[in-house]
Amino acid sequence: MMTPIQAIIIAIVEGLTEFLPVSSTAHMKFTNPIIGVQPSPFVDMMEIVIQLAAILAVVVVYYKKFFDFTRVRFYTKLIIAVIPALVFGALLKKYIDHMLGNLYFMAGVMIVGGIIFLFVDRWFRHPNIEHESHVTNGIAFRIGCYQVLSILFPGLSRSAATIIGGMSQGLSRRAAAEFSFFLAVPTMLAASVKSMWDLHKEHPEALTTNSLSLLGMSSIITFIVSIFVIRYFIGFLKRHGFKVWGYYRIVIGLVMLVLLWRGVI
C-alpha cells in the first residue's frame, strides 16, 4: 500500500508537470519505482484522478470563463475537441494500458518529443489567433485530434500535443496554452470517472477508507501546486518558447533509459 509520504511526492510531481509539455504521466510512472511504490490497480487509478485535481485548478484560475453560462460557444468547442480522445480512448484501452507499462517506450517518446520541441518555435512563427474566442469549431476539433497523439504515444504529453496542435492552427503560444488548459477539463473528467468506475467494478477491495484518504490528500496537494504552475507557465512559454523544454525532455529521457538499463527502476 502507498504510504502518505509517497502519496505526497507523487502529488507534487503531478502538480509540477501536468501543465508543462514534459508528460506528467511519464514523470509519475518513473517516480513510482524510485520511491518504492509498487504497481497496483489503485495506483493506476490514483495517477489519473490526481490529474483531474490538477485540471480543476484551471477551473479556479479561469473561473470567469467556466462559470459564464452565456458562453455556449465556449462549451461547444470543448465538447467537440474532446470527442476524438473519448473515441480513441475507448477503442484503444488495452493498447493504452499496455504502453503505460512500457517504460522504455515512454523514455524514447520523451527523447523524440524533446528533439521535436527544439524546432517547434521555428515552425509556427506567425500566429493569427491571439484569443480563445476566435477558435472555430473546426479548429477545436483538429486540436482534439492532436490530443489523440498523447494517447497513442504515452510520454508525449497531453499539454504538449494540444499546444502544438493549437499553434499549428494559427494560435499564439498563449492562446494555444490556454485552450490546452480548457480542453484538459472535460478530458480528465471523463478519464477519472471511467478509471474510478473500472476500479470499483474490478477491484472494489482497493477502495478502502485509507486509500480514499490518500487519494483525497494527494488531490488537494496536486490542486494547490497546479495553481502556481498555471500562473507561471503562460508567462514562461511566451518568453522562452519550447526549446528549453526540448532540452529538458531529452536529458530526462536519457536519464530514464540509463536507470532502466542499470536496473534501478
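Quick look at the structure, then. (Residues numbered from 1 in each chain as written. Predicted model: local features only at pLDDT ≥ 70, side-chain atom pairs only at ≥ 80, totals over all residues. Heavy atoms only, no water.)

1. A word on the packing of aromatic side chains
Then step 1. Per the counting criterion, the structure on display carries 15 aromatic pairs.
Then step 2. Both rings, one in F66 and one in F182, keep their centres 5.8 Å apart while their planes meet at 80 degrees; by these two values the pair is edge-to-face. Of this pair, F66 sits in helix α4 (residues 63-66) while F182 sits in helix α10 (residues 173-202), and the two are 116 residues apart along the sequence.
Then step 3. The class of F182 is buried, set by a relative accessible area of 0%. (Phe/Tyr/Trp six-rings, centres within 6.5 Å; stacked < 30°, edge-to-face > 60°. Helix = DSSP H or I, 4+ residues; strand = E, 2+ residues; numbered from the N terminus. Buried < 20%, exposed > 50% of the residue type's maximum accessible area, 1.4 Å probe, protein only.)

2. Some thoughts on the layout of surface pockets
Then step 1. What the largest pocket holds in volume is close to 1,400 Å³.
Then step 2. Of all the elements in the fold, those that place two or more residues in the lining of the largest pocket are α2 (24-34), α3 (41-61), α5 (72-91), α6 (93-100), α8 (137-152), α9 (158-168) and α10.
Then step 3. Counting residues per element, the lining of the largest pocket draws most heavily on α10, which supplies 9 residues.
Then step 4. Per-class residue counts for the lining of the largest pocket are 21 nonpolar, 16 polar and 10 charged.
Then step 5. What the second largest pocket holds in volume is close to 250 Å³.
Then step 6. If you go around the second largest pocket, you meet 13 residues; those closest to its centre are G113, I116, L149, L156 and I164.
Then step 7. Those elements that provide at least two residues to the lining of the second largest pocket are α7 (103-123), α8 and α9.
Then step 8. The dominant element in the lining of the second largest pocket, judged by the number of residues it contributes, is α7, at 6 residues. (1 Å grid on protein atoms, 1.4 Å probe; cavity = no way out; pocket = protein on both sides within 12 Å on 5 of 7 lines; lining within 4 Å. Points joined across faces, edges and corners; volume = space filled by probe spheres on them. Nonpolar A, V, L, I, M, F, W, Y, C, P; charged D, E, K, R; others polar.)

3. Examining the packing of α7 against α9
Then step 1. One way to put it is that α7 packs onto α9 with a least axis distance of 11 Å and a crossing angle of 25 degrees. Put simply, α7 runs roughly parallel to α9. For the element pair α7 and α9, the recorded crossing hand is left-handed. Where α7 approaches α9, its residues F117, V120 and D121 are matched on the opposing element by A160, I164 and M167.
Then step 2. Of the residues belonging to the contact of α7 with α9, the class tally is 5 nonpolar, no polar and 1 charged. (Axes fitted to C-alpha atoms, helices over the stretch in contact; angles between N-to-C directions. Parallel < 35°, antiparallel > 145°, perpendicular 65-115°, else oblique. Left-handed = near helix turned anticlockwise from the far one by under 90°. Contact = heavy atoms within 4.5 Å.)

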